[in-house]
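# Examining the three-dimensional arrangement
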Amino acid sequence: MLPQVLKTSDLGAWVEALMAESRVAAPVLKETNVSDPTDLKFGWQYVPDPADVRLDYTVTVLGPKKFLWPPRQKLVRYNLGAGAEPEAIIDHEPHVLLGVHPCDITAIATLDAAFAKDVPDPHYLARRSDTAIIGLDCGAPCDESSFCLDMGSLYPESGFDVMLTPLGDAYFVEVATQLGEALVEAAVVRPATKQDMEAHQAFAEEKRSDFHYKLPYELKYLPEILDASYDSLVWEAIARQCFSCGSCNIACPTCYCFDVYDEVEVDLSKGCRVRRYDSCQLDPFAEVAGGENFRQERASRLRHRMFRKGKYILEQTGRVGCVGCGRCERACVAGISIKDTYVQIAGSR
Amino acid sequence: MADKPTLAFFSLACCEGCQLQVLACEEKLLPILEKADIVRFREASDGDADHYDVTFVEGSIVTAHDLERIKEIRAKTDTLVALGACATIAGVNAVKNFQDPDDVAAYVYGDKKEWFPHIAARPLKAEVPVDVEIHGCPINSDEFLEVVTCLLMGKPYRQPNYPVCVDCKLAGNVCLWNKGIPCLGVVTRAGCAPLMCPSAGHKCIGCRGLVDNPNTQAAKDVMAEFGLTVDDVLREFRLFQGIYDEVAKEA
Amino acid sequence: MTEASKTLDIRVDYVTRIEGHGNIVAKVQDGELVECRMEITESPRFFEAMLRGRSWADAMFLTTRICGICACGHGTASLKATEDAMGFTRSEQTERLRRIVLAAEQLESHWLHCYFLVAPDFFGAPSVIPMAKTHTDVVLRAMRLKKLSHHICRVLVGRHTHPIGMVPGGYMKLPSVRTLKELRDHVASFDKDVQDTVDLFATFETPALERETEYESITHPQEYAFFDGRLMTSDGDEADSHAYRDIIHEEVVRHSTAKHVKNRRESLMVGALARFNNNHGQLNPEAKNAAERLGLAAPCTNPFHNNTAQIVETVHCYYDILLLLDSLIEAGIEDEKPPLEWPAGCAGTGVGIVEVPRGTLVHEYEYDEHGIVTGANLVIPTNQNLANIEADFRAYIPQVMEEGKREEEITHLLEMLVRAYDPCISCSAHLVKVEFK
Amino acid sequence: MTQTDIEKGAAAASPYVPKMARIVAADQMTETERFFRLEMEGEPLAYEPGQFVGVTVFGVGESPISICSSPTQGERIELTIRSVGLVTGALRTFEAGDRLGIRGPFGNGFDTGAMKGQDVLFVAGGLGLAPTRSLIRYVLDKREDFGKVTILAGAREPNLLLFREEIAEWVERSDADTLVTVNQPDKDWKGNVGVITRLFKQVEIDPARTCAVIVGPPVMFKFAVLEALAAGVPEHRIICSLERHMKCGVGKCGHCQIRGVYVCRDGPVFTYEQVKRLREGI
Ligand SMILES: Cc1cc2nc3c(=O)[nH]c(=O)nc-3n(C[C@H](O)[C@H](O)[C@H](O)COP(=O)(O)OP(=O)(O)OC[C@H]3O[C@@H](n4cnc5c(N)ncnc54)[C@H](O)[C@@H]3O)c2cc1C
Ligand code: SF4
Ligand code: SF4
Ligand code: SF4
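Residues numbered from 1 in each chain as written. Chains lettered and ligands numbered in written order. Predicted model: local features only at pLDDT ≥ 70, side-chain atom pairs only at ≥ 80, totals over all residues. Heavy atoms only, no water.

### Topic: unusual backbone geometry
Note the cis peptide between Ala298(C) and Pro299(C), where omega equals -10°. Relative to the assigned elements, Pro299(C) resides in the loop between α10 (285-294) and α11 (306-331). Cis geometry is found at the peptide bond from Gly104(D) to Pro105(D), where omega equals 5°. Within the secondary structure, Pro105(D) is located in strand β6 (residues 99-106). The residue Glu26(B) is not glycine, and still its phi comes out positive at about 50°. Within the fold, Glu26(B) resides in the loop between α1 (17-23) and α2 (30-35). Residue class for Glu26(B) comes out buried when judged on its relative accessible area of 5%. (Helix = DSSP H or I, 4+ residues; strand = E, 2+ residues; numbered from the N terminus. Buried < 20%, exposed > 50% of the residue type's maximum accessible area, 1.4 Å probe, protein only.)

### Topic: the side chain of Thr308(C)
Residues and elements named next belong to chain C. Tracing the backbone shows Thr308 in helix α11. Overall, Thr308 belongs to the buried group, its relative accessible area being 11%. Within the structure, Thr308 has its side chain in polar contact with the side chain of His305 (distance 2.7 Å). For Thr308, the residues in contact, after removing those within four places along its chain, are Thr206, Leu294 and Leu296. (Polar contact = N/O pair within 3.5 Å; in protein donor to acceptor, adjacent residues only side chain to side chain. Contact = heavy atoms within 4.5 Å.)

### Considering the sheet that holds strand β5 (residues 132-134) of chain B
Residue and element names in this part refer to chain B. Spatially, the 5 strands line up as an open sheet ordered β2-β1-β3-β4-β5, and their pairing is parallel. Two strands in the sheet have a free side with no partner beyond their single neighbour: β2 (37-40) and β5. The mean angle between the axes of side-by-side strands here comes to 25°, regardless of whether they run parallel or antiparallel. Pairing of strand β3 (residues 52-58) with strand β4 (residues 77-83), which is carried by 6 bridges, proceeds in the parallel orientation. Bridging across to β4, Phe56 finds its partner in Val81. Relative to the sheet, helix α3 (residues 64-75) contacts β1 (6-11), β3 and β4, its axis offset from that of β4 by approximately 135°. (Pairing = 2+ DSSP bridges. Axes fitted to C-alpha atoms, helices over the stretch in contact; angles between N-to-C directions.)

### As for the arrangement of the chains
Here 5 pairs of chains make contact, and the pair sharing the most contacts is chains B and C. Nothing in chain C touches chain D, and the closest approach of their C-alpha atoms is 29 Å.

### Observations regarding the nonpolar core
In this structure, Phe56(B) and Phe144(B) are the most contacted members of the largest nonpolar core, which totals 150 residues. Broken down by element, the residue count for this core peaks at 14 residues, all from helix α4 (residues 92-122) of chain C. Here this core spans two domains, since at least three of its residues come from each of domain 1 (6-153) and domain 2 (164-250) of chain B. Among residues more than four places away in sequence, those in contact with Phe56(B) are Leu7(B), Ala8(B), Phe9(B), Phe10(B), Val81(B), Leu83(B), Phe144(B), Val148(B) and Leu151(B). Core analysis: the next-biggest nonpolar cluster, separate from the first, contains 107 residues, Ile108(A), Leu282(A), Val166(B) and Phe52(D) among them. (Core = buried A, V, L, I, M, F, W, Y, C linked by side-chain atoms within 4.5 Å. Domains from an automatic or database assignment.)

### Things to note about the environment of Pro86(A)
One can find Pro86(A) in the loop between β4 (72-79) and β5 (87-88). Since its relative accessible area comes to 16%, Pro86(A) is described here as buried. Leaving out residues up to four positions away in the same chain, Pro86(A) has contacts with Val76(A), Arg77(A), Tyr78(A), Val17(D), Pro18(D), Met20(D) and Phe58(D).

### Quick word on helix α6 (residues 194-210) of chain A
All names here are of chain A. A rise of 1.5 Å per residue sets the reference length of α6, with its 17 residues, at 24 Å; its end C-alpha atoms lie 24 Å apart and thus fit the reference within 8%. Taken together, the buried positions of α6 are occupied by Asp196, His200, Phe203 and Lys207. One side of α6 holds all its buried residues, which, seen down the axis, span an arc of 55°. Exposed and oriented more than 90 degrees from the buried face of α6 are Lys194, Gln195, Glu206 and Arg208. Buried positions along α6 lie against β1 (4-7), β8 (162-167), β9 (170-175) and β10 (189-191). (Expected span 1.5 Å × (residues − 1). Arc of directions from axis to C-beta.)

Right, here's the structure in full:
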């Protein structure tokens with residue numbers, strides 16, 4: 001399908017049409033800051049009303065990851081007593097993620113790789129394959145914490161079905177897949193004209209000039225720089241401020257570590273095995289029976305996270321482990337920044 | 001444990017809100033009533049027994065009489081469960097511990113203060129061995145049910161050992177610190193979700209006590225960056241006592 | 001009447017609690033009541049002293065912990081006191097939301113009390129637990145209703161016991177209009193349960209006891225007062241909130257860690273019956289209709305009817321909540337922010353008075369210019385009723401002895417009288433032990 | 001990942017569903033260790049020595065447990081479980097006839113191919129004997145495939161020694177040297193006394209053709225490795241099995257990760273050369 005144009009005023013009707021077919025998740029306004037009412041806080045939600053969709057959003061605490069991989073997910077159900085008869089719980093229904101920023105599109109690709117690799121995880125993948133992604137291009141960085149340009153997530157080439165580019169009172173609509181074509185059929189669009197193409201081009205140029213590199217080196221050197229920093233005193237210094245609260249991991253769109261536990265109904269008749277997000281920054285994460293904890297020190301845990309994001313995940317999945325969205329820094333009460341850390345280690349040894 | 005274990009509920013100095021949280025389990029209590037006998041629960045019925053398999057005690061020890069009672073209760077009990085902040089970390093009762101005890105009594109009862117002797121508020125574990133702790137002011141009904149389920153199955157209950165931040169992020173809340181409000185969630189033991197304060201837009205006030213191994217130094221540093229004085233910080237931490245000890249030590 | 005029943009020695013351990021536990025002691029010798037008192041043995045908790053040194057922002061956290069049953073009421077009174085001291089004027093929206101929460105707490109408390117603690121008496125059941133099998137529909141309805149009141153608090157202030165989110169000056173997080181609409185629809189669907197409750201309690205027969213006393217409550221020209229109003233008594237006294245001491249005279253008594261209260265007479269009564277007697281004209285039509293069906297008319301001097309008045313109030317509160325929700329939905333939710341700082345240089349005293357399920361509750365705080373509490377006084381409703389309960393016992397014990405009631409009957413009636421006051425849930429469930437000598 | 005990878009994975013069977021197994025024998029070996037022999041209810045497990053399974057007690061949870069039998073013994077699998085917590089504690093009451101959930105086998109197992117024709121030195125301390133026993137039995141059952149076989153086993157006290165009867169049989173064998181030691185003897189103990197490293201003096205090691213398999217608690221491991229190195233065994237022929245917190249067994253949950261390596265998938269068997277490079281390994 002050739003590029004189309006959707007008038008901003010027709011967005012609501014499109015969302016409504018999409019909602020008639022399946023659930024639609026999109027950023028909505030969550031609240032305004034108590035101390036500064038102009039400071040708007042957004043969050044991803046299944047949309048209750050098309051009018052709530054806010055494509056002018058900047059950052060969210062959690063990314064759209066939660067729709068693909070719920071924070072708490074039941075894996076297996078079984079009976080207690082004689083016949084356990086364990087069976088997998090794989091629940092999914094078609095849904096649309098509307099307005100996914102480039103960093104999150106990239107992050108989803110990392111999760112796809114992690115969950116499809118070696119032993120595939122149908123609990124994630126079934127939801128994923130039932131997901132349509134409508135991307136939304138960014139013209140300027142969300143805030144100081146973002147460094148998506150550095151992490152190579154600003155220009156995703158795939159991982160979306162449709163890409164929207166905001167052009168003032170309209171969206172430039174590019175279709176990337178067959179599914180995307182079906183989605184756009186539900187919208188009132190018109191083919192893009194030459195002017196639209198030019199406006200789109202202008203957006204791209206402006207985007208190029210609005211984003212700046214923040215790391216003093218190229219991404220491809222990051223694993224090496226991390227390796228060289230393993231014994232650096234930097235980790236100890238940063239970790240002194242770290243609460244080991246796990247907020248950074250929970251907010252991260254590419255983190256996929258989890259804990260597994262069993263839940264039993266009060267009448268003791270049935271149970272299920274559940275997984276929930278876990279965090280490598282928490283004390284007991286690497287502890288084994290006998291009390292041995294292989295990452296007892298805050299500093300070693302913090303280092304592990306920085307390594308995982310900058311090196312291990314890349315080595316494991318072939319996709320970036322950090323997309324530079326800045327969520328961990330925003331979520332961190334101590335103000336620990338992965339971007340600043342990556343800058344700092346370049347000069348440390 | 002006998003075929004049908006016996007459960008008992010007691011309260012010492014407290015608001016009895018934790019027992020209300022037990023009642024708030026509503027129909028979910030029914031399967032428990034099938035599996036166990038509640039032999040003592042004054043908020044719902046009367047009756048008593050000589051021995052309890054599991055006893056839930058809410059409230060703090062604040063008088064010599066409370067001290068006697070908890071020892072009696074302990075002697076009749078197999079598994080003692082401390083219910084709520086008052087019982088686990090002394091809760092709000094301990095606020096008075098940081099004032100002159102005589103002045104405290106005089107302020108409320110004037111020249112009749114001698115009629116009402118009291119001792120420093122303390123949690124159950126300060127006087128008797130406690131087997132399971134359910135934190136919170138008030139406790140979370142879901143956690144209560146989980147503990148009872150574990151006890152009925154004979155498996156140990158493991159309390160959450162991570163800070164409130166985790167659940168707060170999972171709920172997608174905007175961090176209160178980002179809104180300029182110092183919140184104790186970073187060092188407070190989780191387990192209150194989904195009814196946690198930050199989800200209602202309010203800072204965590206630390207009612208579940210400290211998580212194991214908290215970085216209180218970082219907490220103080222961060223609070224200082226927010227322009228809070230040591231006094232402010234202590235006051236924040238002091239509301240539910242448990243938290244106070246750690247910070248006071250370092251202050 | 002046998003000789004034996006001319007002597008009575010009642011000793012009830014752990015009957016009542018204000019902030020906990022209490023005993024009843026009553027002795028009759030040769031037909032004469034020689035001793036009668038209510039001992040409050042609850043461990044003293046010293047909230048007034050503990051408040052000193054706390055900041056304006058968390059006075060409420062401390063005071064909600066006085067009582068898990070009336071936490072929303074204590075919270076509301078506490079916030080009113082602080083706002084009064086700050087010189088803060090609440091918005092209409094904040095007031096409406098607070099009124100809903102306060103009304104939901106009346107529902108929670110009254111329903112819990114009437115269904116779980118009073119009803120078993122009338123069904124001849126020892127407690128609500130066996131009733132789950134014998135009167136399943138009643139128990140299920142009770143649970144549904146209790147859950148409803150919980151749900152309202154949960155939506156608006158996070159939870160019922162120790163509410164969160166309401167702070168001096170407003171709310172940290174406001175519900176959306178959509179949430180309110182959902183809440184309204186949900187609440188509206190309980191109409192039948194509310195009415196069925198009235199019908200159920202209309203079938204119960206209330207014991208006879210007439211003893212006039214002074215009825216105290218707040219009163220408001222426009223409404224059946226819970227949230228706002230001047231203090232008044234049925235003996236004709238009125239006072240502004242700051243002058244509450246003109247009516248409420250507190251006194252420390254040896255046998256009670258809870259202070260006693262009186263005004264013109266030896267005792268006074270607060271709670272549902274007092275409010276009904278003082279303000280019945282302002283009940284909404286549904287509640288007036290309920291009072292009629294229940295046979296309750298003002299002035300009513302039978303303390304047993306406090307339960308009946310509670311049922312009338314549940315009807316009033318239920319329909320009031322619907323109206324309040326409607327008005328909020330209609331007005332839309334304004335994104336108001338509570339103040340985060342104490343007003344510079346502001347120092348002084350604030351008083352907050354509200355009606356909680358068991359009666360008039362007063363919080364009074366004195367603040368310094370940094371918003372730190374320097375002094376506090378709290379008047380708890382059950383304390384106010386204590387002297388009145390003692391007075392009722394003095395009237396009632398000779399009466400039932402006169403009527404030649406049997407041992408178990410007297411026991412049961414005394415129990416019911418204690419329960420009627422609803423001094424707290426735990427005490428009401430406890431049997432009054434009567435020993436005939 | 002391509003679209004088809006995602007779609008294929010979406011239709012795949014969940015790796016988290018346990019299969020059912022029946023306990024055919026259970027035996028309390030020591031105060032804390034319990035031995036189980038299991039029979040899978042469906043297809044038997046195909047496994048290698050050194051691999052492990054996830055053992056589920058329904059309603060309680062799952063724990064990773066090494067298979068301590070050898071595939072040469074037949075279709076049944078054997079486990080030795082030390083009771084330390086939730087799941088392992090619940091297993092104390094499990095008897096013959098009870099059913100458990102089993103996932104796996106997981107992990108790489110010992111590289112028996114690479115050991116072929118070599119001398120094998122086993123150094124097993126405490127519970128480390130469980131995973132080691134799997135390989136010992138394998139080697140003894142295929143005795144002609146290997147060179148000299150030496151077994152060093154140690155325990156804190158005599159009554160904590162696992163597989164006592166079996167060790168006695170090994171001691172009897174002429175085609176293997178078996179030495180046992182305890183740290184604290186009781187009055188009936190006739191054998192060696194002292195930490196396991198003391199046994200090294202009593203054995204002859206040809207470093208050019210020896211594989212040293214060392215499994216035990218971290219302290220023991222550290223010193224046994226030093227002994228093996230001192231004897232000239234090269235780092236890549238010192239082999240160990242690591243214990244880590246594990247929740248999935250399939251390289252996803254992240255708990256067992258040591259730097260870039262997932263112990264559940266890339267291990268639990270590693271050479272000392274690898275472990276040393278991991279830094280966080282021991
Ligand atoms: C590859 C491998 C092989 C093992 N083989 C054996 C064996 O043959 N026999 C044996 O007795 N034990 C073995 N273990 C150890 C065993 O898995 C743990 O002791 C067990 O998981 C503890 O579970 P629990 O539920 O009883 O304890 P919990 O009550 O859950 O916890 C007790 C302690 O164990 C830690 N722990 C919890 N879950 C795990 C976990 N999944 N992995 C590691 N530590 C955990 C906790 O942090 C805590 O410190 C092995 C472990 C691994 C990784
Ligand atoms: S969010 Fe910050 S303080 Fe919390 S664990 Fe992460 S780095 Fe540490
Ligand atoms: S590590 Fe931080 S910046 Fe990177 S993707 Fe995760 S949250 Fe975003
Ligand atoms: S912990 Fe809190 S809720 Fe529980 S009894 Fe004590 S004061 Fe009440």
